[in-house]
Amino acid sequence: IDLRHLGGNGIQFGRVRFLEAMQSQPERGLASIGRHPKHIIDLAVDGDVESLGRAIADSSSGHFFVMHPASQTARVALEDGSWLDIVPLPLGLEADLKRRDFTVNAMAVSVPGHRFVDPYGGLLDLALKVLRTPGLPSDSFGDDPLRMLRAARFSSQLGFAVADEVVDAMRS
């Protein structure tokens, strides 16, 4: 999808969930029932999530869903099987990326401008095929214990090594 014509709608950064796109398990959520996404792309916006999501859906013959009203998270399911998840950036990009499960899922590219942002070394971890958390593993797993299962699944399905500090946090 070409997002250039949507300029001025507050798009700040797009973040591709590398591991989610590489594996074949569907994500949680109403829009995902029985579907495996072709691509998952997050758009973090400084603006109205719902208006942008509806504009993208209308311009691409996609389907718009509000995923979590309280957190203002939305999804556009595109005809090609890709998903665009749209989230607000209330605390800024780095804080948003730090909340991610693993460093390989904590990278972004500015839209427009294509500036690559990788504050936690995700690109290197992707190249090394190692799973680390952007912050302390114990904090990450405390926020979402299912991340431990995701680490095991990504290791098993994709051949990623799990960093020692992540394994230690999983065991404690």
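Described in the following lines is the structure provided in the data block.

### Focus on the packing of aromatic side chains
By convention here, two paired aromatic rings are described through the distance between centres and the angle between planes.
Part 1: Applying the stated criterion across every chain, the model contains 1 aromatic pair.
Part 2: Ring centres of Phe102 and Phe154 lie 6.1 Å apart, and the angle between their planes is 70°; on these two criteria the pair is classed as edge-to-face. Here Phe102, found in the loop between helix 3 (93-98) and strand 6 (108-110), pairs with Phe154, found in helix 6 (residues 146-158); they are 52 residues apart in sequence, far enough to count as distant. Each member of the pair Phe102 and Phe154 is classed as buried.
Part 3: Lying across the ring of Trp83, Arg75 places its NZ or CZ 4.0 Å from the centre.

### As for the pairing of strand 5 (residues 83-88)
Part 1: Counted residue by residue, strand 5 has 6 buried out of 6 residues, so it is predominantly covered.
Part 2: Residues Trp83, Asp85 and Val87 of strand 5 are buried on one face, and the alternating residues Leu84, Ile86 and Pro88, pointing to the opposite face, are buried as well.
Part 3: Here strand 2 (residues 40-45) pairs with strand 5 via 6 bridges, running parallel. What sits directly across from Val45, in strand 5, is Pro88.
Part 4: Pairing analysis gives 4 bridges linking strand 4 (residues 73-77) to strand 5, with the strands arranged antiparallel. Residue Ala74 lies in a different strand from strand 5, and its bridge partner there is Ile86.
Part 5: Hairpin connection, strand 4 to strand 5: the antiparallel pair is bridged by 5 residues, and Gly81 has positive phi, about 95°.

Reading the values: rules and limits
- Residues numbered from 1 in each chain as written.
- Predicted model: local features only at pLDDT ≥ 70, side-chain atom pairs only at ≥ 80, totals over all residues.
- Heavy atoms only, no water.
- Phe/Tyr/Trp six-rings, centres within 6.5 Å; stacked < 30°, edge-to-face > 60°.
- Helix = DSSP H or I, 4+ residues; strand = E, 2+ residues; numbered from the N terminus.
- Buried < 20%, exposed > 50% of the residue type's maximum accessible area, 1.4 Å probe, protein only.
- Lys NZ or Arg CZ within 6 Å of the ring centre and 35° of its normal.
- Pairing = 2+ DSSP bridges.

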